[in-house]
Amino acid sequence: VIYDMEHGGLTLDKFKELSLISKGIALNPMIRIPEISYNYIARSLDLGANGIMIPMVNDKREALEIIRCSKYPPLGKRGAGFGFAHNEYKKENPIDIMKYANKTLINIIQIENKRGLENVEEIAKIDGVDCLWVGHFDLSNFLGVPGQFNSKLYLDAINKIVKAGKKYQKSLGIMVSTKQEMCFYSDLGFNVIAVGTEMFLLQDKISELIK
């Protein structure tokens, strides 16, 4: 499950509760932070996030900064604090915790504007970038074809991202709202597919009940 700080109004304090609840029912909590920031990245991880989604990543320099903020030394600069939410308040060997975190953390890099698209191959080749996530509406918007997901400009952009992901063995992610869209992107090679938001699913079910 991905909790959203960018658009959803979530606070880190509330995320701490949600991450612990999620782990208690065998869900892996991830979080979309609002910007590239050591404070957001490292604190989200300390509060229990198993993965970080970062919006509007423009280039290699920004992607490398994300990796540095999210990884413990020698791979990065994440500060060490143990016995907190990220290791479920357990008393464990700090060296083992750091090695496990560096190995299992998922960094989801959002490609959703022209600069990110232009630099997608340079971003994809970086160790520690685990998933290229298409912000589909923003991408179409910045390409000058807002919401036109059948346009050649948009589809060419998708193919460029898919090619980079496959070349460097990165996961490919996107949000869909219909089964048709899910099948379309799955056939292209997308393997991390979000199906709507909790509010969309709730509204859709309520609409069915009152028709």
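Residues numbered from 1 in each chain as written. Predicted model: local features only at pLDDT ≥ 70, side-chain atom pairs only at ≥ 80, totals over all residues. Heavy atoms only, no water.

Student: What is the right way to look at unusual backbone geometry in this model?
Tutor: When glycine is set aside, most residues are seen to have a negative phi, and most peptide bonds are trans. Pro-73 connects to Pro-74 through a cis peptide bond whose omega is 10 degrees. With respect to the helices, strands and loops of the structure, Pro-74 is situated in the loop between helix H3 (60-70) and helix H4 (94-104). Phi is positive for Ala-26, which is not a glycine, with a value near 65 degrees. Positionally, Ala-26 belongs in the loop between helix H1 (12-24) and strand E2 (30-32). The phi dihedral of Gln-169 is positive, around 55 degrees, even though this residue is not glycine. Within the fold, Gln-169 resides in the loop between helix H8 (152-167) and strand E6 (171-176). (Helix = DSSP H or I, 4+ residues; strand = E, 2+ residues; numbered from the N terminus.)

Student: Which parts of the structure should I look at to understand H8?
Tutor: An α-helix turns once per 3.6 residues; consequently, residues spaced three or four apart project the same way. Here H8 contains 16 residues, and its C-alpha end-to-end distance of 22 Å stays within 8% of the 22 Å for a straight helix at 1.5 Å per residue. Taken together, the buried positions of H8 are Tyr-154, Ala-157, Ile-158, Ile-161, Val-162, Ala-164 and Gly-165. Axial view of H8: buried residues confined to an arc of 165 degrees, hence all on one face. H8 presents Lys-152, Lys-163, Lys-166 and Lys-167 as exposed residues on the side facing more than 90 degrees away from its buried surface. (Expected span 1.5 Å × (residues − 1). Buried < 20%, exposed > 50% of the residue type's maximum accessible area, 1.4 Å probe, protein only. Arc of directions from axis to C-beta.)

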